[in-house]
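Descriptive structure summary
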Amino acid sequence: MSKPTPNTPPERPNESPSNEQDGTVEERVDTTLPDAQPVVDRVEDTPATNVSLISGNSKPRQYKVNNPSFFMQRGYQVLLVLGLIAAFFLVMVYQTLFGRIEQPQQMVTIEQGQTYYGLLPQWQNQIPLFSASVAKLYIKSQVDAPLHAGIYQLPENPTIAEALQILEQGAKAAMVKVQIIEGKTSKDLYQALRDNDNIEKEVLTADSDNASIAQALDLAGILPDSVTNSSDPIVNHNLEGWFAPDTYYYGEGTSDKKVLTDLYKRQQKALTDAWENRAPDLPYNSPYEALVMASIIEKETSVPEERPLVSAVFRNRLVKNMRMQTDPTIIYGMGSRYDGNIRRKDIDEKTSYNTYQIDGLPPTPIALPSAASIEATLHPADSDALYFVATGNGGHKFTNSLAEHNQAVKDYLSVMREKKSQTPPQ
């Protein structure tokens, strides 16, 4: 076969005659290699391409991996975990001892028999990460004397460390017990403080009266004008109802002014909290009127579950413009004249307090009501009852009509006659 002359145009690489020999094909392929070279160059310039993977002629490139040993890695992991645990424990200890509970400055009463451990739930509920176990360990290691009964003033937003330091001081002072029973009067409270030789007399002097006591305590502004301007000596400047009944402990030498001020603040808070959350459509125009009603409820029943029912009766009577007709108001209006019995003439006597003779509420409370009676006043039971009378066996019978009430009275008298007949003669 003759080779093509220079004048013969080269055949195109992709055209091959069917009768072409193998050698000629191989020669044409060889002549096209220079044309393919730029493509190879581009491939070699690509960093991600490993030529050995394509041709298989070169060994894979070896890389030196500089990683820590297995045991060194495990060591770092263990140290990290231990460090996290230690950090968490330190935060927990700090929060337990120095985390602050959100509360205003206030007086705290510690009853006889209470322990430091019994105070922990309040902190535990309000401080994140608070640990009762850490707190108990701290108390055991730092506090020597048992918790002493008394009234303590805690600062605003205290830590448990601060609170414990204040409470611990109580063991170093002699404490005086002041006990005021629910339903007792402010007159009873004044006399109890006068009779206590360990209470310094600053307010309750020999010649003090309602007006001077209110002035000394700077509490005159809490009373309605009808009370401060009343010509009735029982009503005038009477602070009845404004002191929270309870058992208190004070250090020897505490003044009567401090005791009375503390009791007033506790009662004011109980009344304010209950008033702000009161039920709708109550016939009371002010917190003071609610305090008056609470004192009547306190005197009418000592059975806790009856308080809302008694409250409902008086609410219903006031709404219907019925007189309250409650015996404790007669007794309070009689003052020192009361000898333990209510007679017909006492019921018929019109005093400032006798609700058989006056409309609506008496001018002031008639006793020191408990927080429970204040709550019952402002959350009466859902009842249509208008009357109640003692059963003679504890508690009262509540009725909706006068006929039912009269029958309940007859039943009560029958029970009392039977009891009297069974009582052996003295």
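These notes cover the structure that comes with them. Residue positions are counted from 1 within each chain, in the order its sequence is given. Where local features are concerned, this predicted model is filtered to residues with pLDDT of at least 70; where side-chain atom pairs are given and counted, the filter is 80 or more; whole-chain, interface and lining totals use all residues. The basis for every side-chain value is the complete set of heavy atoms in the structure, and neither hydrogens nor water enter the calculation.

What about the packing of aromatic side chains?
Put simply, the test is: For Phe, Tyr and Trp, rings pair up if their centres lie within 6.5 Å, where Trp contributes its six-membered ring, and each pair is then called stacked (planes under 30 degrees apart), edge-to-face (over 60) or tilted (otherwise). Geometrically, a charge over a ring is one whose NZ (Lys) or CZ (Arg) sits within 6 Å of the ring centre while staying within 35 degrees of the ring normal.
For the coordinates displayed, the defined rule picks out six aromatic pairs. In textbook terms, an aromatic cluster arises when at least three aromatic residues are bridged by ring pairs, as seen for Trp242, Tyr264 and Tyr288. The aromatic ring of Tyr117 is capped on one face by Lys136, whose charged end is 5.8 Å from the ring centroid. Residue placement shows Arg278 over the ring face of Trp275; its charged tip is 3.9 Å from the ring centre.

Digging into the nonpolar core
Worth spelling out the cut-off: The criterion is simple. A nonpolar core is a set of buried Ala, Val, Leu, Ile, Met, Phe, Trp, Tyr and Cys residues joined through side-chain atoms within 4.5 Å. A 1.4 Å probe rolled over the protein chains alone gives each residue an accessible area, and that area as a share of the maximum for its type sets the label: buried under 20%, exposed over 50%, partly exposed in between. Put simply, DSSP H or I for four residues or longer makes a helix, DSSP E for two residues or longer makes a strand, and each gets a number counted from the N terminus. It only takes one pair of heavy atoms within 4.5 Å for two residues to be counted as in contact.
By size, the foremost hydrophobic cluster in this structure holds 54 residues, and its most contacted members are Leu239 and Phe243. Those elements giving two or more residues to this core turn out to be β3 (175–179), α7 (186–195), α8 (210–216), β4 (247–251), α10 (256–276), α11 (287–300), α12 (307–319) and α15 (371–378). The greatest single-element share of this core, amounting to eight residues, is contributed by α11. When sequence neighbours within four positions are dropped, the list of residues in contact with Leu239 reads Tyr190, Ile213, Ala214, Leu217, Leu219, Ile222 and Leu223. Listed in part, the 19 residues of the second largest apolar core include Ile101, Leu120, Trp123 and Ile127.

Side note on the pairing of β3
Note the following rule: Strands are treated as partners if at least two bridges between them are detected by DSSP.
The alternating pattern of β3 places Val176 and Val178 on a buried face, while none of Met175, Lys177 and Gln179, on the opposite face, is buried. Strand direction decides the pairing type here: β3 and β4, joined by five bridges, are antiparallel. Residue pairing for β4: Met175 is matched across the bridge by Gly251.

Quick look at the side chain of Thr329
Selection rule: Polar contacts, as counted here, are pairs of nitrogen or oxygen atoms within 3.5 Å of one another; within protein the pair requires one atom able to donate a hydrogen and one able to accept it, and residues that are adjacent in sequence qualify only if both atoms are side-chain atoms.
With respect to the secondary-structure elements, Thr329 resides in helix α13 (residues 327–334). By relative accessible area, which is 0% here, Thr329 ends up buried. A polar contact is formed between the side chain of Thr329 and the backbone oxygen of Thr326, at a distance of 2.6 Å. With residues near it in sequence (within four places) discarded, Thr329 still touches Ile296, Tyr353, Asn354, Thr355, Pro362 and Ile366.

Description of the pattern of salt bridges
Put simply, the rule is: Salt bridges are defined as contacts in which a side-chain nitrogen from Lys or Arg sits within 4 Å of a carboxyl oxygen from Asp or Glu.
Across all of its chains, the model carries 10 salt bridges by this definition. Of the charged contacts, one joins Arg307 and Glu298 as a salt bridge, the two residues approaching to 3.7 Å between their closest N and O atoms. Asp348 is the partner of Arg344 in a salt bridge, and the nearest nitrogen-oxygen pair spans 3.6 Å. Here Asp348 and Arg344 lie together in helix α14 (residues 344–348), a separation of four residues that amounts to about one turn.

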